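# Coordinates in review
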Amino acid sequence: MTGGIDFLRPELLALLPLAALPLFARSTDARHYPHLGWLPADPAGRLIGLLLRLFAALAIAAVAIALAAPGRAQTVEPRTGRGAELLLLIDRSRSMDERMLPSDWRELSPYDIRHQTLSRGPVKSRAARELLADFVARRPDDRFAVSFFSASTLYVVPFTQHDEVVQAGIAAGGVHRGLSETDVGRALISSVARFEKRAYSGSRIILLVSDGGARLDEDTRLAIRAGFERQRVALYWIYLKGFGRPDLEAAGEASEAIPEVALHRFFQTLPTPYHAYQAQSPEDLAAAVADVGRQQNHPLDFEELIPRRDYSRHFVALALALVAVLVLARRWQLGGAT
Amino acid sequence: MKPNHEFHYRFGKRASAWRPGAHPGSALGAGEHFVAHTSLFARPDPRRIDLRASLRDPRGDWLVRLARQRSHVPVAAVVDVSASMDFGAPSRKLDLVADFVSALGRACLAAGDPLSLSAFDMTCRDDLHLPPSRQPGLADLLAARLRTAACPARGHDGLSAALAPLAGRQALVFLVSDFHGYGRELESALDLLGRARVTPIVVWSPAEITPPNGEGLLRLRDLESGRLRELWLRPRLRQRWQAAVAAHREALQARFRARGIRPFFLSDPFDGDALTRHFLEGT
C-alpha cells in the first residue's frame, strides 16, 4: 500500500545541482547600466525577475528529475471483495456467428421459425458478449478472467477486478469472424489450470459459453475431473441452443451419441457444482446470466498487484510549461545586450 | 551639422599667479587695470610716471601708476574612468569626455594656460596622466588614449589621490565624472580644492537618463557592482524613471550649490557653445 517513490535512474539525480545555475548566472542578455541605484525601485519587476529565475531553476530541476524517472514502486495490495473468481470461457467457433431464435419466437408459426431465425435472430456471440458485458458491469466485486477458445484457448484477460479491461477483453471477441474448430476439452483443461498457484480466496467459477459440445476421450475426461476437483471450480455452462440443435436433457441411452448430451452428462459426474443453462433466445440467455449472478456471492480475499506508476511525464510536462513561460517572457523582454 | 566642440572658459575671479596670461590677475605688473599711484621711490619705473597726478600731488612727489597684470591660470582636468563611464551607445561616455578633453586642450592653447590631465578609478591612473604643460597636441593624445581606454574598475576611490596634486592651489579644475554613487568622499575631495575654481562636468549619456522605448521586461546589469535588476517597463515606471533622473540632477546641483559651484551637464553630443555660455553665465 505504502509504495514509496523510487527512481529508475537515480544516478541522474546528480544533475539536480544544475538547477542552481539560473540563480547564480550572470545573465548575458541583460543590458548594461551604469548605476542601478539611480533607477526607481520597481517591486513588480523585481518579483517578475525573481520568478523567472525561479522558473528556470525549477525547469532544470524538473528535467533532471524526469530523467531520473521517478515513480511509485510496484506494490501488492491486499483487497477484500465480495463475489467470485469468474473465468469467462467463451466459444469463438464459427457456429457462434449463427443466429438465435428471435425474441418473439413463441408467436411465430413453426414453419416460419427457421426462416425468421435466419433472417432476424440475434447473432449468438454478439448477444452473449453484450449480456456478459452487462453481467461484468453489474458485478464490480467479482474478479474476472476472459478466455476465448476454438482449437485452443486464447487467454485474453488474466484475473482482475478492473472492469474496463474485462470489458475490452469481451469486446475483443467481436473482432472478425469465428474460427473453425471447437475443442472444449482442451479449453477446460487449460482454463482450470489458470486457477493453479492462486490462493483459494473465494468461490471459483468457470462460465462456459458455448453452442456445441464435443465427445471427450477418457484421458481428457480424467484430466478435467482431476483439475476441477483439485481447484474446486464450479462449472456453469450456458448452452446456446441454436434452432434445431439437440436438447441437453434428451433422455435415453441413444442420446449419448449426441456430443452436447454426452458433454452434459459428463459434467454432471464432476465432483464440483455444475449447472447447465439452455438458452434458445436472448431472454433465456439473460435469465441464465442472472441466475449465475445470484448463485455466487461470497467474500473474497485476494492480493492485487499494482503496477509501477511512472511520474516522469508529469515532470516533463512541468518543465515544458515552465520553459514555455520563460520563452514567452524572453519575447516580452526588451532588446538585447547593449 | 557637426556639433561645435570649441569653447572658451573664464576663471571668474582674479588669478594670483605672477606669470602673465590671459585672465584678470591680482598681481601688480604690466597691465591695464589701474590700481593706485605710488611714489617713484617705492616703485622705480619711470616709464609709468603719471605727470598729471604728480602735479596734483600736494607733497610734490613723482607718482607712478600701478596696474594689475593679466595672469595665467593652471587648468586641470580630472577624469573618472570607472566602469560606469564605459557606457553609452553609439558613443561611450568616455568618447564624450575625449571630445571635451581635446576641445579643452585647444581652449588652453588659445588662453596660454598650462593644462594637466589625470584620470582615476580605484586608484590614480598613471597611464592617463599628463603633467602641466603648454605643449599643443598633448591633450589630443590623451583624448585618443581615453577613447581606447579600458575601464574595468568598479569604483572611484582614487578621487582624492587624483586631486591631491591640486590641493590648495589656485587652478581651474574640471572634475569630469558621471557622479554615480558619490558619497561623502565628493565633499571631502572638494574640500581639497578650496582655492580652485571647480567646474564639475557631469557626463550623462542619453541612454541612461531616458528609458528605452517599448514596453516589457527590462533586464539591467550594473556595470560597477555587476548586480542584475529587472524592471517592468510601463508608462508609470517611465514617468518614475524620468522623475528619478530629475531628482538626482536636482540633488547633485544642490550638493554643488552648497559650495557655490555650478555643474555643467554634458550630454551626447558635447556642445562647446553651451559650456562657453555656462562660463559666461557663471561670472
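As the structure is a computational prediction, the values presented were derived from the model and not from experiment.

### Let's talk about the overall build of chain B
Broken down by element type, chain B carries 8 helices and 10 strands. For chain B, with 283 residues in total, the buried portion stands at 40%. Taking the contacts inside chain B whose residues are at least 6 apart along the sequence as the reference set, 75% of them involve residues at least 24 apart.

### Notes on the overall build of chain A
When its secondary structure is counted, chain A shows 10 helices and 12 strands. For chain A, buried positions account for 34% of its 338 residues. Taking as baseline every contact in chain A between residues at least 6 positions apart, the subset at least 24 positions apart corresponds to 84%.

### A look at the interface of chain A and chain B
In many analyses, interface size is given as the accessible surface area lost on bringing the parts together. Counting residues at the interface gives 26 residues for chain A, matched by 31 residues for chain B. Counting residues per element, the ones that place at least two in the side of chain A that touches chain B are β2 (31–33), α2 (43–67) and α10 (312–332) of chain A. Top element by residues in the side of chain A that touches chain B is α2(A). It accounts for 5 residues. When the residues that make up the side of chain A that touches chain B are grouped by side-chain class, the tally is 12 nonpolar, 9 polar and 5 charged.

### Describing the confidence of the model for chain B
Any residue range with low pLDDT should be treated as having predicted coordinates unsuitable for detailed reading. All names here are of chain B. Residues of chain B with pLDDT of at least 70 account for 99%, and the chain-wide mean is 89. Across chain B, element-level confidence peaks in strand β3 (residues 75–80) with a mean pLDDT of 94 and bottoms out in strand β8 (residues 216–222) with 83. Scoring of the predicted complex yields 0.63 for pTM and 0.75 for ipTM.

### Observations regarding the confidence of the model for chain A
In the predicted model, chain A carries a mean pLDDT of 79, and 88% of its residues have values of at least 70. When pLDDT is averaged over each helix and strand of chain A, the minimum, 70, is found for helix α3 (residues 110–120) of chain A and the maximum, 90, for α10(A).

### Some details on the pairing of strand β6 (residues 172–177) of chain B
All names here are of chain B. Of all 6 residues that make up β6, 6 are buried, and the element is covered over most of its length. Because side chains alternate across β6, one face comprises the buried residues Leu 172, Phe 174 and Val 176, and the other comprises Val 173, Leu 175 and Ser 177, equally buried. In the sheet, β3 pairs with β6 via 5 bridges, with the strands oriented parallel. The residue of β6 that forms the bridge with Ala 77 is Phe 174. The pairing of β6 with strand β7 (residues 197–203) spans 6 bridges and is classified as parallel. Within β7, the position partnered with Val 173 by the bridge is Val 198. Traced from β6 through helix α5 (residues 184–192) to β7, the parallel crossover comes out right-handed.

### Focus: the nonpolar core
By size, the foremost hydrophobic cluster in this structure holds 74 residues, and its most contacted members are B:Val78, B:Val101 and B:Val173. Ranked by residues supplied to this core, first place goes to helix α2 (residues 93–111) of chain B with 10 residues. A:Ala187, A:Leu208, A:Tyr236 and A:Leu240 belong to the second largest nonpolar core, which has 55 residues in total.

### Focus on the sheet that holds strand β10 (residues 274–279) of chain A
Residues and elements named next belong to chain A. The mixed open sheet is built from 6 strands, whose spatial order is β7-β6-β5-β8-β9-β10. Of all the strands in the sheet, the pair left with one neighbour each is β7 (153–160) and β10. Recorded for the sheet is a direction-independent mean angle of 15° between the axes of neighbouring strands. Where strand β5 (residues 85–91) meets strand β6 (residues 143–149), 7 bridges bridge the pair, whose relative direction is parallel. In the sheet register, Asp 91 faces β6, and the bridge partner there is Phe 149. Seen against the sheet, helix α8 (residues 259–268) touches β9 (233–240) and β10 and runs at an angle of roughly 150° to β10.

### Observations concerning unusual backbone geometry
Of note, the bond from B:Asp268 into B:Pro269 is cis; its omega dihedral lies within 30 degrees of zero at -5°. Considering the arrangement of structural elements, one finds B:Pro269 in the loop between β10 (264–266) and α8 (272–282). Backbone geometry at A:Ala69 places phi at a positive 55°, although glycine is not the residue there. Tracing the backbone through its elements, the reader meets A:Ala69 in the loop between α2 and β3 (70–72). Take A:Ala69: there are 18 C-beta atoms within 10 Å of it, and that puts it in the partly exposed class. One non-glycine residue, B:Phe179, lies in the positive phi region at around 55°. You can see B:Phe179 is positioned in the loop between β6 and α5. Residue classification places B:Phe179 among the buried residues on the basis of 23 C-beta atoms within 10 Å.

### Observations concerning the pairing of β3(B)
Moving residue by residue along a regular strand, the side chains alternate between the two faces of the sheet. All names here are of chain B. Burial of β3 is extensive: 6 of the 6 residues sit out of reach of the surface. A two-sided burial pattern is seen for β3, the buried positions comprising Val 75, Ala 77 and Val 79 on one face and Ala 76, Val 78 and Asp 80 on the other. In the sheet, β3 pairs with strand β4 (residues 115–120) via 6 bridges, with the strands oriented parallel. Bridging across to β4, Val 75 finds its partner in Leu 115. Taking the sense of rotation as the criterion, the β-α-β connection linking β3, α2 and β4 turns out right-handed.

### Here we look at the sheet that holds β2(A)
The strand order β2(A)-β8(B)-β9(B) describes an open sheet built from 3 strands, whose pairing is mixed. Every other strand in the sheet has two partners, leaving β2 of chain A together with β9 (228–233) of chain B as the edge strands with one partner each. Strand-to-strand twist in this sheet, taken as the mean axis angle between neighbours without regard to direction, amounts to 40°. Of the pairings in the sheet, the one linking β8(B) to β9(B) comprises 6 bridges and is antiparallel in character. Among the inter-strand pairings, B:Leu217 is bridged to a residue of β9(B), identified as B:Trp232.

Criteria and cut-off values
- Residues numbered from 1 in each chain as written.
- Chains lettered and ligands numbered in written order.
- Predicted model: local features only at pLDDT ≥ 70, side-chain atom pairs only at ≥ 80, totals over all residues.
- Helix = DSSP H or I, 4+ residues; strand = E, 2+ residues; numbered from the N terminus.
- Buried ≥ 20, exposed ≤ 12 C-beta atoms within 10 Å, placed from the backbone.
- Contact = placed C-beta atoms within 7 Å.
- Nonpolar A, V, L, I, M, F, W, Y, C, P; charged D, E, K, R; others polar.
- pLDDT = per-residue confidence, 0-100.
- Pairing = 2+ DSSP bridges.
- Right-handed = clockwise from strand over helix to strand, strands pointing away.
- Core = buried A, V, L, I, M, F, W, Y, C linked by C-beta atoms within 7 Å.
- Axes fitted to C-alpha atoms, helices over the stretch in contact; angles between N-to-C directions.

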